[in-house]
2 protein chains.
Amino acid sequence: MEKKLSELIENDNFELREKMKNVFKDPLYTPRYNLALPEERELAYRRLKNFCEQDLFSVFDFEGDPRKIFAAHEVAGLVDGSMATKMTVQFNLFGGTLLKFGNRERFQSVLEKINNFEEVGCFGLTELGYGNNAVEMETTAIWDESTDEFIIDSPSVLSQKYWITNGYCHAHWCIVFAQLIIKGESYGVHGFLVEVRDKNLNLKQGVTIHDMGMKIGVNGVDNAKISFNQVRIPRAHLLDAFSQVDEKGLFSSEIKGKRARFLKMADQLLSGRICIASMTLNATKMGMLTSYRYSKSRKGVGPQGKSDAPIISYQFQQNTFVPLLAETLALCFGHNHVKNLYAENKKNVVKECCVIKAMVTWHSENSVSVLRERSGGQGYLACNRFGEGIGGAHAGITAEGDNGVLMQKVAKELLDGYKVSELAKNKLKDLLPGKLQKFLSGGELGLLKLREESLKAELALRMQRVKSKGREAIYNKWVNESADLVQDLALAYGQRFVLERFEWATKQCSLPVLIKCKELYAKLKIKESSSWFLSEGILSGRDYRKLCARINQLNKEIAPDIELVINSFNIPEFLVHAPMAKDWVAFNSYDHQGEVYNRPEKKSDELRSSSISH
Amino acid sequence: MEKKLSELIENDNFELREKMKNVFKDPLYTPRYNLALPEERELAYRRLKNFCEQDLFSVFDFEGDPRKIFAAHEVAGLVDGSMATKMTVQFNLFGGTLLKFGNRERFQSVLEKINNFEEVGCFGLTELGYGNNAVEMETTAIWDESTDEFIIDSPSVLSQKYWITNGYCHAHWCIVFAQLIIKGESYGVHGFLVEVRDKNLNLKQGVTIHDMGMKIGVNGVDNAKISFNQVRIPRAHLLDAFSQVDEKGLFSSEIKGKRARFLKMADQLLSGRICIASMTLNATKMGMLTSYRYSKSRKGVGPQGKSDAPIISYQFQQNTFVPLLAETLALCFGHNHVKNLYAENKKNVVKECCVIKAMVTWHSENSVSVLRERSGGQGYLACNRFGEGIGGAHAGITAEGDNGVLMQKVAKELLDGYKVSELAKNKLKDLLPGKLQKFLSGGELGLLKLREESLKAELALRMQRVKSKGREAIYNKWVNESADLVQDLALAYGQRFVLERFEWATKQCSLPVLIKCKELYAKLKIKESSSWFLSEGILSGRDYRKLCARINQLNKEIAPDIELVINSFNIPEFLVHAPMAKDWVAFNSYDHQGEVYNRPEKKSDELRSSSISH
């Protein structure tokens, strides 16, 4: 059954994953610290290039099984967030967009060279001034009738392409998003393939690339700001799968409206969110493994005042750790479902991709921070990798769409086509006539559904009331009066969706610890919103106290099986580098200088061995 | 009234603070990034040395007004967490301990040289194996009858002094905590002054010092692991204010019991917690200023779809920012009170010092993380300093006592001498006969008091029931069955205490925004525990909905006055370096490489100026 659990967690491409993991046995992937920026970037580049050269995944997998690419992100997430970030831009944002929207014959050789990282691409969407409103961007692509070319130009400081991964050191190509202008008329944002450096990495004329410098994480990523001064590209470098410009400057598109065209062109952000969740989720798993192993080997005060109690035996430690473990499992099953939906369908997964990226990255930031704290000083050493986890999660929270903004998108999607007219009254039980009993008999899932439906009805009613009052009234109601409700609804949907997937998982594998983790996740989510349930009269004070007691009991019952769950993450020992997850007494018996790289073969300055058995 | 608010926030030594801030006008204090570890450590050293040389504060202030030292930490917290950390060890842990427990005449010259950082000290308390149970440490100080010396020795890997700030590069002296052993008998942990390096920074014989390497923050701090191989020191280097050893090896102490002697010797940890709260709280203020300024200048989608709405106008941004601001103010007033208590009394402030350190550092970690997120990509650039804030807060959370452990200490203190016998029954209203109405009429403060008293009674009753069942039963009840309750009680006490100080502050200054922030803080804390209030029948569903609505309303009402509050932090413009808090469009008009240091005088590669007015 443990094997079944592992398979449920890894979801797909089991053999491929093993091959991918084995690539990282190479000492090239041993974590290194205290590198200067240029070294750190070069290291991330070399790591990714070597990974790509193994020929285990390809940009063309987007047309076969995109889960192979997601798997590569998951495995990379265990190893190096910088490498994974460079990879996601190369394969998903750059490669995926070129594959989907570029002229296949013309760009076949570029596409093929993406796979072994021989030609490197970047993705020029975000501008300094237009982080969350890219459709208003300023960069222009003006068709020049006299030469049949597009002229790419950045008219202002705010129009610089900003945060461009792979941009400062390694990119040959950039997919530049720009307002397409023909004979003075604007047709909205389109994508253009622009050569920014030649094969020898010399900058092309008119292209300015600046270093964005140090960040609070993933410093192996060479983020750049890029601007264009009248850079000319052939007309065929418009990515023209949906919109074309002919040799006479005639524009045609099968998509109506500028906003719709923009959203279509930015489609790869959707799978990008899955990629980010993939790498972040696995970085979280690594943090859980590290923290758990240390909690087992680290001794604190026991009943007799001696330092003989493993800290994982403390209820305080268990009550911190076990809920995070249950949530990690839950998000894993939710995330797998989103990957499967994407692979099967590729459509109508907007709200699923948005909500899972937000939930996974927020969970990662929270859990790695808390695990760092519960690991005390050891967690503060760079070599134990919690810092990478925190920095990586922060990157994920605002990359490929700010989580808070994505949650608004989710709420909008949920209201789309939702019939408000069914709901006659404000009171919950009347709002959902005859359904309350059905919800309640469904256990925790029923409760979460009830909350989701209730919030949805409330928001829908609010928006309904201002529907006829014009654009500004609608904007105000949404942006200035319903911020909490919008976020709450999106999260309630996400939690219900994730719990459904967890229930599905327990039907595939009946390991008692899995069933308990499912119950724990469900009850934690009820507890998280217990003020709502109590204030609506759905839970009583007694129900609430029972809920809290049961959560404590579950934490206790699951604690002895933590190791089984951690093992099911299938993280091979050669990927575990954090000294605190290993024999940290031995690591401290010589002058490690905070590093595991270049660990001395002969420990010449070894300290006297510990008098305490460990 | 704005001036009055500033004074309430800064609390004491106003002129001194201005002088301190002015020291940091020097370009030496301009933030720098992408430095190698040795450079970063040297920079922190030079910054601190220059600060010390201004003669604005002194270790002897512990005997006059210790708030001068806390003020130095607060001001330093705006500038450089590494410098502040080195300072707190030099002045508080090392200096303060030597001042309090060392022979004054003998060590007068060392004490004087602490002040200008001419002689540098470190504090050897924590051992690798004994983070939270230092009383069980292994390092020994054995009295050698033949030479009348103590021999300091580290018998094992686990006994290495660990995380020793100032240790790897700069310390001449170390106060080593060790088990005092005379003629085979152990007298418990005492402090000894040990010279670890000579004046030219050459290591003394028998002392081994290793670098701890990269950390997830404050990398200007030269943390070391230190071990001693039979290092001899004069008998007079025992810090002997409370315990003495005479020339015949006769031990005497005015303090009974090993644990009590250890706690006495580690007394400086108490003011150390104030110091950590001081620097962390001000780093939080800097984060709030930075985030607010950006939220005002950054434009997002407005009602017409254009990027023309400052993001601070969004309810989502306000509902995130304003509560953090109110909590920052609240903790500020609570923290000031702890400083005042300490300065007046120096005794019976254990639970106040513990709870304020925990609350401030947790708040800082949370708020800087959230503000980073709400600042999007800009917040991710190192030069905008949120990374420093997050790394610094994490250091604070587990330094000078792990927050979770300190909260247990607080709960223990609260139960100390508390009469459980008064409480006859389990039911809340019976537990506190006749008092409920009194509590309720006290508004939010009454509610917080009610909760604190109720949790205290519950925990006291639990412990009462196992009192006679022996050590193991007591341990189990506390450690394995009451973890949540212990933490909840300590936090409930802290929140009530902080709210009382906020109420006091509103009596000193009647600025409407201050009064609103106080109400907001109070209501946020009720909301945080609203499940408890609802489940106990103290709040109704209607009360709860009113509470939530009022919080939203307060956020809206306070929003226009955020700037007034931020200004009252009294952060001079020359201390604001984050580009996003300034003209970030101008900063992005040239090749900044992510740095503000060495900003070019002539912007030779300036980009074309923005077409968008800003």
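Position numbers for residues count from 1 along each chain, tracking the sequence in the order it is written. Chains and ligands are labelled sequentially in the order written, the chains with letters from A and the ligands with numbers from 1. Side-chain atom pairs in this predicted model are given and counted only at pLDDT of 80 or more, local residue features only at pLDDT of at least 70, and totals for whole chains, interfaces and linings cover all residues.

*Asks:* How would you sum up the overall build of chain A? Please name residues and give values.
*Replies:* The secondary structure content of chain A amounts to 23 helices and 13 strands. The globule rule puts the C-alpha radius of gyration for 614 residues at 25 Å, and the 26 Å found for chain A is close to it. In terms of principal-axis extent, the alpha carbons of chain A reach across some 90 × 75 × 40 Å. Each of the 614 residues in chain A was classed as buried or not, and the buried ones make up 55%. Sequence-distant contacts in chain A: of pairs separated by 6 or more residues, those separated by 24 or more amount to 74%. Working definition: helices are DSSP H or I runs of at least four residues, strands are E runs of at least two. Numbering for both runs from the N terminus. Put simply, the radius of gyration uses C-alpha atoms, and a globule should come to 2.2 Å times the residue count raised to 0.38. Three exposure classes are used, all based on how many other C-beta atoms lie within 10 Å of a residue's own C-beta (placed from the backbone): buried at 20 or more, exposed at 12 or fewer, and partly exposed between those limits. Note on contacts: each residue gets a C-beta atom placed from the backbone, and two residues are in contact if those atoms are within 7 Å.

*Asks:* A description of the nonpolar core should follow, citing residues and the corresponding values.
*Replies:* What tends to happen in soluble globular proteins is that the nonpolar side chains get buried as a cluster. We define a nonpolar core as a collection of buried residues of the types Ala, Val, Leu, Ile, Met, Phe, Trp, Tyr and Cys that are connected via C-beta atoms lying within 7 Å of each other. Counting 369 residues, the largest nonpolar core has Phe192 and Leu325 of chain A together with Phe192 and Leu325 of chain B as the members making the most contacts within it. Dropping the residues within four chain positions of it, Phe192 of chain B is found in contact with Ala141, Phe150, Ile152, Val176, Ala178, Ile233, His237, Leu238 and Leu239 of chain B.

*Asks:* Quick one: what's the story with the sheet that holds strand β8 (residues 224-228) of chain B, residue by residue and with numbers?
*Replies:* Paired through backbone hydrogen bonds, the strands of a sheet run either parallel or antiparallel to each other. Residues and elements named next belong to chain B. We treat two strands as partners when DSSP finds at least two bridges between them. Ordered by their spatial adjacency, 3 strands build an open sheet running β4-β8-β7, and the pairing between neighbours is antiparallel. The sheet terminates laterally at β4 (161-164) and β7 (207-211), the two strands that pair on one side only. For this sheet, the mean angle separating the axes of adjacent strands, direction not counted, is 25°. Orientation is described by lines fitted to C-alpha atoms, with helices fitted over the stretch in contact, and by angles between N-to-C directions that extend from 0 to 180 degrees.

*Asks:* So, the domain arrangement of chain A: which residues are in play, and what are the values?
*Replies:* Residue and element names in this part refer to chain A. Partitioning chain A into structural domains gives domain 1 (121-265) and domain 2 (268-567). For the domain bounds, the source is a domain assignment made automatically or taken from a database. Placing the centre of domain 1 and that of domain 2 at their C-alpha centroids yields a distance of 37 Å. Contact with domain 1, which involves 4 residues of that partner, is made by 7 residues of domain 2. Its residues placed into classes, the side of domain 1 that touches domain 2 shows 2 nonpolar, 2 polar and no charged. Residue type decides the class: Asp, Glu, Lys and Arg count as charged, Ala, Val, Leu, Ile, Met, Phe, Trp, Tyr, Cys and Pro as nonpolar, and the leftover types, Gly among them, as polar.

*Asks:* Please set out the interface of chain A and chain B residue by residue, giving values where relevant.
*Replies:* With 86 residues of chain A at the interface, the matching set in chain B holds 86 residues. Looking at the side of chain A that touches chain B element by element, the count peaks at 7 residues for helix α12 (residues 386-398) of chain A. Grouping the constituent residues of the side of chain A that touches chain B by class yields 33 nonpolar, 35 polar and 18 charged.

*Asks:* Would you mind going over the confidence of the model for chain A in detail, with residue names and values included?
*Replies:* Residues and elements named next belong to chain A. The predictor reports its confidence for every residue as pLDDT, a score running from 0 up to 100. For chain A, mean pLDDT is 93; residues scoring 70 or higher make up 93% of the total. Predicted confidence for residues 609-614 stays below pLDDT 50, and this span has 12 contacts to residues more than four positions away or in other chains. In the predicted complex, the global pTM is 0.96; the interface-specific ipTM is 0.96.

*Asks:* Hey, could you go over the relation of the copies chain A and chain B for me, with residue numbers and the actual values?
*Replies:* For the least-squares superposition of copies, only C-alpha atoms count, and only for residues with pLDDT at least 70 in both. In the superposition of chain A on chain B (RMSD 0.0 Å, axial shift 0.0 Å), the rotation amounts to 180°. Given the turn and translation reported, the copies of this chain are related as if by a two-fold rotation axis. Measuring from the rotation axis to each C-alpha of chain A, the shortest distance belongs to Ser531 of chain A, at 2.3 Å. Both copies share a contact surface, since 100% of the interface residues of chain A are interface residues in chain B too.

*Asks:* Please provide a residue-by-residue account of the sheet that holds strand β7 (residues 207-211) of chain A, values included.
*Replies:* Residue and element names in this part refer to chain A. Taken in spatial order, the 3 strands make up an open sheet running β4-β8-β7, and their pairing is antiparallel. On the outer flanks of this sheet lie β4 (161-164) and β7, each paired with one strand and no other. Direction aside, neighbouring strands of the sheet carry axes that sit 25° apart on average.

*Asks:* Describe in detail the packing of helix α19 (residues 512-528) of chain A against helix α21 (residues 541-558) of chain A, supporting the description with residues and values.
*Replies:* All names here are of chain A. Packing of α19 against α21 brings their axes to within 10 Å, and their N-to-C directions diverge by 150°. For the crossing formed where α19 meets α21, the hand is left-handed. Here Val513, Lys516, Cys517, Glu519, Leu520, Lys523, Leu524, Ile526 and Lys527 of α19 come into contact with α21, specifically with Leu547, Cys548, Arg550, Ile551, Leu554, Glu557 and Ile558. Tallied by class, residues from the contact of α19 with α21 come to 10 nonpolar, no polar and 6 charged. Crossing chirality is assigned from the near helix's rotation relative to the far helix, an anticlockwise turn below a right angle marking it left-handed and a clockwise turn marking it right-handed.

*Asks:* Give a detailed account of helix α16 (residues 443-466) of chain A, specifying residues and quantitative values.
*Replies:* Residue count minus one, scaled by 1.5 Å, sets the expected span of a helix. Between its first and last C-alpha, α16 of chain A extends 36 Å over 24 residues, near the 34 Å set by a 1.5 Å rise per residue. Regarding α16 of chain A, the residues found buried are Leu447, Leu448, Lys449, Leu450, Arg451, Glu452, Glu453, Ser454, Leu455, Lys456, Ala457 and Leu459 of chain A.

*Asks:* If you had to explain helix α8 (residues 268-297) of chain A to someone new, which residues and values would you point to?
*Replies:* With 30 residues, α8 of chain A should reach 44 Å at 1.5 Å per residue; the first-to-last C-alpha distance of 44 Å fits that figure. Counted residue by residue, α8 of chain A has 27 buried out of 30 residues, so it is predominantly covered.

*Asks:* Explain the environment of Gly124 of chain A to me, using residue names and the numbers behind them.
*Replies:* Residues and elements named next belong to chain A. Structurally, Gly124 can be placed in strand β1 (residues 121-124). The class for Gly124 is buried, based on 33 C-beta atoms found within 10 Å. Through-space distance from the C-alpha of Gly124 to that of Val194 is 9.7 Å; in sequence the pair is 70 residues apart. Discounting chain neighbours no more than four positions away, the residues touching Gly124 are Lys161, Ile164, Cys174, Ile175, Val176, Phe177 and Ile226.

*Asks:* Which residues make up the environment of Ser154 of chain B, and what are the values?
*Replies:* Residues and elements named next belong to chain B. With respect to the helices and strands, Ser154 occurs in the loop between β3 (149-153) and β4. Note: C-alpha distance between Ser154 and Arg298 (144 residues apart in sequence) is 56 Å. Residue contacts for Ser154: discarding those within four places in its chain leaves Thr139, Ser159, Gln160, Ser227 and Phe228.

*Asks:* Help me get a handle on the pairing of strand β6 (residues 185-195) of chain B, residues and values and all.
*Replies:* All names here are of chain B. With 9 bridges connecting them, strand β5 (residues 173-182) and β6 associate as antiparallel partners. Note on β6: the bridge partner recorded for Ile181 is Ser186. The hairpin formed by β5 and β6 contains 2 residues between the paired strands, and Lys183 there has a positive phi angle of roughly 50°.

*Asks:* Can you explain the packing of helix α5 (residues 81-101) of chain A against α8 of chain A? Please cite residues and give values.
*Replies:* Residues and elements named next belong to chain A. With their axes 10 Å apart at the nearest point, α5 and α8 run at an angle of 160° to one another. Classed by the angle they form, the pair α5 and α8 counts as roughly antiparallel. The two elements α5 and α8 cross, and the hand of that crossing is right-handed. Across the interface between the two elements, Gly81, Ala84, Thr88, Asn92, Leu93, Gly96, Thr97 and Lys100 of α5 pack against Gln268, Ser271, Gly272, Cys275, Ile276, Met279 and Ala283 of α8. The residue makeup of the contact of α5 with α8, split by class, is 6 nonpolar, 8 polar and 1 charged. Throughout, the term roughly parallel applies to angles under 35 degrees, roughly antiparallel to angles over 145, roughly perpendicular to angles from 65 to 115, and oblique to all others.

*Asks:* Tell me what's going on with the environment of Ile311 of chain B, and back it up with residues and numbers.
*Replies:* Residues and elements named next belong to chain B. Within the fold, Ile311 resides in the loop between β13 (307-310) and α9 (315-344). Its 22 C-beta neighbours within 10 Å are what place Ile311 among the buried residues. Between the C-alpha atoms of Ile311 and Ser364, which are 53 residues apart in sequence, the distance is 22 Å. Dropping the residues within four chain positions of it, Ile311 is found in contact with Ser295, Arg298, Gly300 and Gln317.

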